[in-house]
Amino acid sequence: MARNPERRTALVDAAIDVLALEGARGLTFRAVDAQAGVPAGTASNYFASRDDLLTQAGRHIHVRMTPDPAEVAEALRPGPSRALVTGLMRWLVERMEKERNGYLALLELRLEATRRPALRAELTEALQAVLDANIRFHLDSGMPGDAETVRLLYVSMTGLLIEHLTLPGLLGEDTTARLVDALVERIVPAE
């Protein structure tokens, strides 16, 4: 296997884009090579199999979708409150709109994980780590609510993002913002 870490990351990013654009069935080494703009056969030098490529994409996808720590620090400046949670959830929607391919690829990976136990284990571990980090972040920053508050926000925002990014006309653009506000108001306790 080839050892150039930058090239490997570029290929995994290309795989994520292929998943978003073509679905799991369209994820081939040839499609990844084309998306990455590298010579044919390059991806097969970095990944032992298609399963390996899927697993690597599952490991990397949250790295790609995680905001810069400086942006997080700036977003937290107003201090912990329900209003700040609302702002953070709105920011989440904005970030996922900008990283639409990453989010759609994550949905493809979730579906593929129902058929591939190794991918399921990898994705479960990655998502559990993200959820645990979000819970710690929420509690450590003094936001109103508890771990269950974060879990409820997680499942609610996941559903909202699925609808917003896959069938945007279903909820409507202005409805999405109102729903974010309503979710936070109903889930996060008043200060």
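Residues numbered from 1 in each chain as written. Predicted model: local features only at pLDDT ≥ 70, side-chain atom pairs only at ≥ 80, totals over all residues. Heavy atoms only, no water.

Caption draft 1: Broad picture of the overall build of the protein. A tally of helices and strands in the protein yields 11 helices and zero strands. When the helices and strands of the protein are listed from N to C terminus, the series reads α-α-α-α-α-α-α-α-α-α-α. At 18 Å, the protein has a C-alpha radius of gyration in line with the 16 Å of a compact globule built from 191 residues. Summarising its shape, the C-alpha atoms of the protein cover approximately 55 × 35 × 30 Å along the three principal directions. Classification of the 191 residues of the protein by burial places 41% in the buried group. Side chains of the protein give 22 positive and 27 negative charges; the mean places of these two sets differ by 5 Å. (Helix = DSSP H or I, 4+ residues; strand = E, 2+ residues; numbered from the N terminus. Rg over C-alpha atoms; globule rule 2.2 N^0.38 Å. Buried < 20%, exposed > 50% of the residue type's maximum accessible area, 1.4 Å probe, protein only. Lys, Arg positive; Asp, Glu negative; His and termini not counted. Charge placed at Lys NZ, Arg CZ, Asp CG, Glu CD.)

Caption draft 2: Geometry of the packing of helix 1 (residues 5-22) against helix 2 (residues 29-36). Two numbers describe how helix 1 lies on helix 2: the axes approach to 8 Å, and their chain directions differ by 110°. By the angle between their directions, the pair helix 1 and helix 2 is classed as roughly perpendicular. Touching A10, L11, A14, A15, D17, V18 and L21 of helix 1 are A31, V32, D33, Q35 and A36, all from helix 2. For the contact of helix 1 with helix 2, the per-class residue count stands at nine nonpolar, one polar and two charged. (Axes fitted to C-alpha atoms, helices over the stretch in contact; angles between N-to-C directions. Parallel < 35°, antiparallel > 145°, perpendicular 65-115°, else oblique. Contact = heavy atoms within 4.5 Å. Nonpolar A, V, L, I, M, F, W, Y, C, P; charged D, E, K, R; others polar.)

Caption draft 3: Molecular detail of the pattern of salt bridges. In this structure the tally under the stated criterion is 10 salt bridges. Between R64 and D13 there is a salt bridge, and its shortest N-O distance comes to 3.5 Å. Of the two residues, R64 is situated in helix 4 (residues 50-65) and D13 in helix 1; the sequence distance between them amounts to 51 residues. In this structure R64 comes out as partly exposed when scored by relative accessible area, which is 22%. Salt-bridge contacts for R64 lead to D17; the nearest nitrogen and oxygen are separated by 2.7 Å. Residue R64 is found in helix 4, and its partner D17 is found in helix 1; the two are separated by 47 residues along the sequence. Judged by its relative accessible area of 15%, D17 is buried. (Salt bridge = Lys/Arg side-chain N within 4 Å of Asp/Glu carboxyl O.)

Caption draft 4: Fine view of the environment of M89. Among the secondary structure elements, M89 is positioned in helix 6 (residues 82-98). As a C-alpha pair, M89 and L183 span 94 residues in sequence and 9.4 Å in three-dimensional space. Residues in contact with M89, not counting those within four places in the same chain, are M157, V180 and V184.

Caption draft 5: Quick peek at the layout of surface pockets. Size it by volume and the largest pocket reaches roughly 870 Å³. For the largest pocket, the lining is made up of 29 residues, of which M89, L92, R95, V130 and N134 are closest to its centre. Elements represented by at least two residues in the lining of the largest pocket include exactly helix 4, helix 6, helix 7 (100-113), helix 8 (117-140) and helix 9 (147-166). Partitioning the lining of the largest pocket into residue classes produces 22 nonpolar, five polar and two charged. (1 Å grid on protein atoms, 1.4 Å probe; cavity = no way out; pocket = protein on both sides within 12 Å on 5 of 7 lines; lining within 4 Å. Points joined across faces, edges and corners; volume = space filled by probe spheres on them.)

Caption draft 6: Structural context of the packing of helix 8 against helix 9. Interhelical geometry of helix 8 versus helix 9 gives an angle of 130° and a closest axis separation of 9 Å. Here helix 8 is positioned oblique relative to helix 9, judged by the angle of their axes. Remark: the crossing between helix 8 and helix 9 carries right-handed chirality. Between helix 8 and helix 9, the residues in contact are L127, L131, N134, I135, H138 and L139 and A147, T149, V150, R151 and Y154, respectively. In terms of residue class, the contact of helix 8 with helix 9 is built from seven nonpolar, three polar and one charged. (Left-handed = near helix turned anticlockwise from the far one by under 90°.)

Caption draft 7: Spatial organisation of the confidence of the model for the protein. When pLDDT is averaged across the protein, the result is 93; 99% of the residues are at 70 or more. Per-element confidence in the protein is highest for helix 2, whose mean pLDDT is 98, and lowest for helix 10 (residues 168-171), whose mean pLDDT is 84. (pLDDT = per-residue confidence, 0-100.)

Caption draft 8: The arrangement of the nonpolar core in detail. In terms of nonpolar packing, the biggest core is built from 47 residues, with L19, L27, V32 and L109 touching the most fellow members. Of all the elements in the fold, those that place two or more residues in this core are helix 1, helix 3 (42-46), helix 4, helix 6, helix 7, helix 8, helix 9 and helix 11 (173-187). It is helix 1 that provides the largest number of residues to this core, a total of eight residues. In this structure L109 touches L19, L54, A57, G58, I61, L119 and L123, once residues within four positions along its chain are discounted. (Core = buried A, V, L, I, M, F, W, Y, C linked by side-chain atoms within 4.5 Å.)

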